[in-house]
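Observations on the three-dimensional arrangement
What follows is the residue order along each chain.
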Amino acid sequence: NIQIPIPPLKEQEQIVSYLDELFLNIKALKENYKTQIKDYEELKKSLLKKAFEGRL
């Protein structure tokens, strides 16, 4: 038999709250990175188009 210590309910709630906040921050960062990648891809296409048209 292995006993696993379980923190008090109040501490469990604090842990869950902290993890929920981290999850929301990670989700926001992920969306931000997706937007940046999309913007960079559009910039790359634009620059390549201008380069091939000789407008750079």
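Anyway, here's the lowdown on the structure attached to this text. (Residues numbered from 1 in each chain as written. Predicted model: local features only at pLDDT ≥ 70, side-chain atom pairs only at ≥ 80, totals over all residues. Heavy atoms only, no water.)

**Quick notes on the overall build of the chain**
Scanning the chain for helices and strands turns up one helix and zero strands. Compactness check: the chain gives a C-alpha radius of gyration of 24 Å against a globular reference of 10 Å for 56 residues, more than 25% above the reference. Expressed as lengths along the three principal axes of its C-alpha atoms, the size of the chain is roughly 75 × 25 × 10 Å. For the chain, the proportion of its 56 residues judged to be buried stands at 0%. Of the roughly 5900 Å² of accessible surface on the chain, 61% is carried by carbon and sulfur atoms. Mean positive and mean negative side-chain charge positions of the chain (10 and 9 charges, respectively) differ by 12 Å. (Helix = DSSP H or I, 4+ residues; strand = E, 2+ residues; numbered from the N terminus. Rg over C-alpha atoms; globule rule 2.2 N^0.38 Å. Buried < 20%, exposed > 50% of the residue type's maximum accessible area, 1.4 Å probe, protein only. Areas by Shrake-Rupley, 256 points an atom, 1.4 Å probe, with all protein chains shown as cover. Lys, Arg positive; Asp, Glu negative; His and termini not counted. Charge placed at Lys NZ, Arg CZ, Asp CG, Glu CD.)

**So, the pattern of salt bridges**
Taken as a whole, this structure holds two salt bridges when the rule is applied. For E31, the salt bridge identified is with K34, shortest N-O distance 4.0 Å. Here K34 and E31 lie together in helix α1 (residues 9-52), a separation of three residues that amounts to about one turn. By relative accessible area, which is 48% here, K34 ends up partly exposed. With a shortest N-O distance of 2.8 Å, E53 and R55 are connected by a salt bridge. (Salt bridge = Lys/Arg side-chain N within 4 Å of Asp/Glu carboxyl O.)

**Some words on a nonpolar patch on the surface**
A cluster of nonpolar side chains, I15, Y18, L19, L22 and I26, forms an exposed patch at the surface whose accessible area comes to about 480 Å². Relative to the helices and strands, I15 is located in helix α1. Take I15: its relative accessible area is 40%, and that puts it in the partly exposed class. (Patch = residues over 30% accessible without salt bridge, like charges linked within 9 Å, V, L, I, M, F, W, Y side chains within 5 Å.)

**Some thoughts on the environment of Q36**
Position of Q36 relative to the elements: it lies in helix α1. Relative accessible area serves as the criterion here: at 32%, Q36 is assigned to the partly exposed category. Sequence-wise, Q36 and L48 are twelve residues apart; in three dimensions their C-alpha atoms are separated by 18 Å.

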